[in-house]
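# Structural characterization, general
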Amino acid sequence: MAVCLCILSPNRVKGFEPKILYKSEVVSHIPECAIKSKTYTVPHKILKSTTTHTHREGERMAYRIQAMVLVATFLFPALAESLVRHYKFSVVLKNTTRLCATKPIVTVNGKFPGPTLLAREDDTVIVRVVNHVQYNVTIHWHGVRQFRTGWADGPAYITQCPILPGQSYIYNFTITDQRGTLLWHAHITWLRATVHGAIVILPKRGVPYPFPKPDKEEIIVFGEWWKADVEAVLNQAMQSGLAPNISDAHTINGHPGPFPNCSSQGYTLHVETGKTYMLRIINAAVNDVLFFKIAGHNLTIVEVDATYTKPFKTDTLFIAPGQTTNALLTADQTTGKYLIAISPFMDTVVAVDNLTATGALRYKSTVSFSPTALTTIPPQNATPVTNAFIDSLRSLNSKQFPTKVPVKIDHSLFFTIGVGINPCATCVNGSRAVANINNISFVMPTTALLQAHYYHISGIFTDDFPGNPAIPYNYTGNPPSNLQTMNGTKVYRVAFNSTVQVVLQGTAFLAPESHPIHLHGFNFYAIGKGVGNFDPVNDPKKFNLVDPVERNTISVPTGGWSAIRFRADNPGVWFLHCHLEVHTTWGLKMAFVVDNGKGPNETILPPPTDLPMC
């Protein structure tokens, strides 16, 4: 049996008993120990004798353990890789000032953005989330595949009931065959506006990046800021039936930069001439797709959604909510300050926060009050810029990181996505804005779907989600006169290891719009996209089945379609939804049920004992 051992430095040994840490064990002192020293996986038989000793022998025993670990590392190098990493997330209110006004916001550990979760490929991560606020809470580890551990995925009422005020829940999962940048965020109501942070997954020990190693790495998180309480914004919209108020600013690492009538603080990226920086870029915004530019500098894209890509250069990055991108930046310009800007993309008539958040890239030795080199941001409706970026993305498809696109398809699905109008007697205009997939507005259950699936509880959902629209029509042309949708808690069921193709077809109901669609539990391959209606005869001939980009969140073009493929090799219940929170709230969501396979490694693990109850 492999175990994890935390080795203390000599000046921290006295009075402390070294302890073997099993993968399933929650130990509060792991983070400090893992950061300040080294932790190794070693054979149980080597460490068997270290579990009993006295405090007086602590220092001598620690040195013995260090020696044994050194020997074990040489004798068993393959075992010196995975760790158990333990975090505590306290969800608390924190008075925070932005745009020259202060309000309480929901945070993790009092930070906005929240703390970074750092792990290495194959590590087990244990996060104890304690809810100290008045809201129900869940946390989603966006993009983590959660093999057989759907109980740790986090979407409220899909894989778990919420963590109630004053209660806690332990998320326990292993990161398998993933490395790069992801994000975590709240997955209930709109709490993710301030409850979010980075996930950094390092490669296995000794495994280099498939590109030149950068001199330094920086995390850059984009967000949105409302002057009002975000939950109040959501509640007002739900009562009125209208679209919610747009945000008042965008943020870079929590700061909007200079703002009309307010000299707000901005983010600064400090660099040294000649050095290369890997920027781990995360769009944690609630409703806005964004452009990102740094004046005078190009970016080399090397990874999206924690999967490596063929490198390509660009001066403008395009990133939707829920997406992540790793980009290399070389400090190759003259000493000075250069503008950093994020601005919204919207190529239709839908209202967005059109204000640009700014920061600065500052070279070392730049004198005070140096002028800032400016840049031209893309027009808000710069569709050609978005297409150029998306079309440049290709998977690495190397011997070490092969592309495994499913060729034979078991389930070929066609999902129309868009918004509509349903009657509402209590709403302002007698109607309510809704969103749907195949004309079904998803109704959230009151019992978590995974719990109902695992325990065979009837009456919670039905498995008759339609694989195609009930009535075909001109999806991107003049919409039908009846915009009303049907309501239901429906899932689509597939067998373990079956292959799935989904064509996501945008519609022109009310207004066509680009939808970032996120699939939980899986990565998928983006094999094709186009404008207008999908042509089932001719468009598949243009599918890229060689090196399509691999992602967990994809932007479906405005008035167009995207096609994805994945293998359903992860049993459980897995959410698929628009990552524009307004559309998720309105019902643009559904779930896949992947049945268990034949063996224990193809079966959902039992639920944890502290699983929240509804």
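All values derive from a computational prediction rather than experimental measurement.

Conventions and cut-offs
- Residues numbered from 1 in each chain as written.
- Predicted model: local features only at pLDDT ≥ 70, side-chain atom pairs only at ≥ 80, totals over all residues.
- Heavy atoms only, no water.
- Helix = DSSP H or I, 4+ residues; strand = E, 2+ residues; numbered from the N terminus.
- Buried < 20%, exposed > 50% of the residue type's maximum accessible area, 1.4 Å probe, protein only.
- Contact = heavy atoms within 4.5 Å.
- Areas by Shrake-Rupley, 256 points an atom, 1.4 Å probe, with all protein chains shown as cover.
- Pairing = 2+ DSSP bridges.
- pLDDT = per-residue confidence, 0-100.
- Core = buried A, V, L, I, M, F, W, Y, C linked by side-chain atoms within 4.5 Å.
- Salt bridge = Lys/Arg side-chain N within 4 Å of Asp/Glu carboxyl O.
- 1 Å grid on protein atoms, 1.4 Å probe; cavity = no way out; pocket = protein on both sides within 12 Å on 5 of 7 lines; lining within 4 Å.
- Points joined across faces, edges and corners; volume = space filled by probe spheres on them.
- Nonpolar A, V, L, I, M, F, W, Y, C, P; charged D, E, K, R; others polar.
- Disulfide = S-S within 2.5 Å.
- Lys, Arg positive; Asp, Glu negative; His and termini not counted.

## Here we look at the overall build of the protein
The helix and strand tally for the protein stands at seven helices and 36 strands. Counting across all 614 residues of the protein, residues that qualify as buried make up 59%. The contacts of the protein with a sequence gap of at least 6 include a subset with a gap of at least 24, amounting to 79%. With an accessible surface of roughly 24,900 Å², the protein has 54% of that area assigned to carbon and sulfur atoms.

## Focus on the pairing of strand S9 (residues 168–174)
Residues of S9 alternate between two faces, with Tyr169, Tyr171 and Phe173 buried on one and Ser168, Ile170, Asn172 and Thr174 left unburied on the opposite face. Pairing of strand S7 (residues 124–131) with S9 involves seven bridges; the strand directions are antiparallel. Bridge pairing in S9 links arginine 128 to isoleucine 170.

## A few points about the confidence of the model for the protein
Across the protein, the average pLDDT comes to 89, with 87% of residues at or above 70. Predicted confidence is poor over residues 1–79, with pLDDT under 50, and the contacts of this stretch with residues over four places away or in other chains come to 113 contacts.

## Details of the nonpolar core
Taken as a class, soluble globular proteins show a tendency for nonpolar side chains to be buried jointly. Counting 81 residues, the largest nonpolar core has Leu279, Phe292 and Phe592 as the members making the most contacts within it. Broken down by element, this core gets its largest block of residues, six residues, from strand S21 (residues 337–345). Among residues more than four places away in sequence, those in contact with phenylalanine 592 are Leu413, Phe415, Tyr492, Val502, Leu519, Phe566, Gly572, Val573, Trp574 and Leu576.

## Some remarks on the pattern of salt bridges
In total, this model carries 19 salt bridges according to the counting rule given. Note that aspartate 464 is salt-bridged to lysine 490, the shortest N-O span being 3.2 Å. Highlighted residues: aspartate 464 in the loop between helix H6 (449–454) and strand S27 (486–488) and lysine 490 in the loop between S27 and strand S28 (491–494), separated in sequence by 26 residues. One salt-bridge network, held together by shared partners, links Glu121, Asp177 and Arg179.

## Examining empty space enclosed by the protein
A complete count under the given rule lists five cavities of 30 Å³ or more for this structure. Taken as a whole, the largest cavity holds about 60 Å³ of empty space. In this structure, the largest cavity is lined by Asn287, Asp288, Val289, Pro344, Phe345, Met346, Asp347, Val352, Glu513, Ser514, Thr558 and Leu580. When the residues that make up the lining of the largest cavity are grouped by side-chain class, the tally is six nonpolar, three polar and three charged.

## So, the state of the cysteines
The tally for this structure, following the rule as stated, stands at three disulfides. In this model, cysteine 100 is linked to cysteine 262 through a disulfide, with the two sulfur atoms separated by 2.1 Å. With the S-S dihedral at roughly 90°, the linkage between cysteine 100 and cysteine 262 falls on the right-handed side. Pair noted here: cysteine 100 is in the loop between strand S4 (84–98) and strand S5 (101–108) and cysteine 262 is in the loop between strand S13 (249–252) and strand S14 (268–271), with a separation of 162 residues, a long-range link. Its relative accessible area of 57% is what places cysteine 100 among the exposed residues. With relative accessibility at 8%, the residue cysteine 262 sits in the buried group.

## Observations regarding the side chain of arginine 148
Mapped onto the secondary structure, arginine 148 falls in the loop between strand S8 (139–142) and S9. Buried and unpaired, arginine 148 has no salt bridge, with glutamate 602 as the nearest side chain of opposite charge at 9.1 Å. Ignoring any residue separated from it by four or fewer positions in sequence, one finds arginine 148 in contact with Asn570, Pro571, Pro600, Asn601, Glu602, Thr603, Ile604 and Leu605.

## A few points about the environment of valine 500
Topologically, valine 500 is positioned in strand S29 (residues 498–506). Residues valine 500 and phenylalanine 524 lie 24 residues apart in sequence; the distance between their C-alpha atoms is 9.5 Å. Sequence-distant contacts of valine 500, defined by excluding residues within four places in its chain, comprise Ile409, His411, Leu413, Val494, Ile564, Arg565 and Phe566.

## Points about the layout of surface pockets
Counted as a void, the largest pocket has a volume near 740 Å³. The wall of the largest pocket is formed by 31 residues, among which Asp177, Pro402, Lys404, Tyr525 and Glu550 lie closest to the centre. Counting only elements with at least two residues in the lining of the largest pocket, the list comes to strand S18 (307–314), strand S31 (524–531) and strand S34 (560–568). Per-class residue counts for the lining of the largest pocket are 14 nonpolar, eight polar and nine charged.

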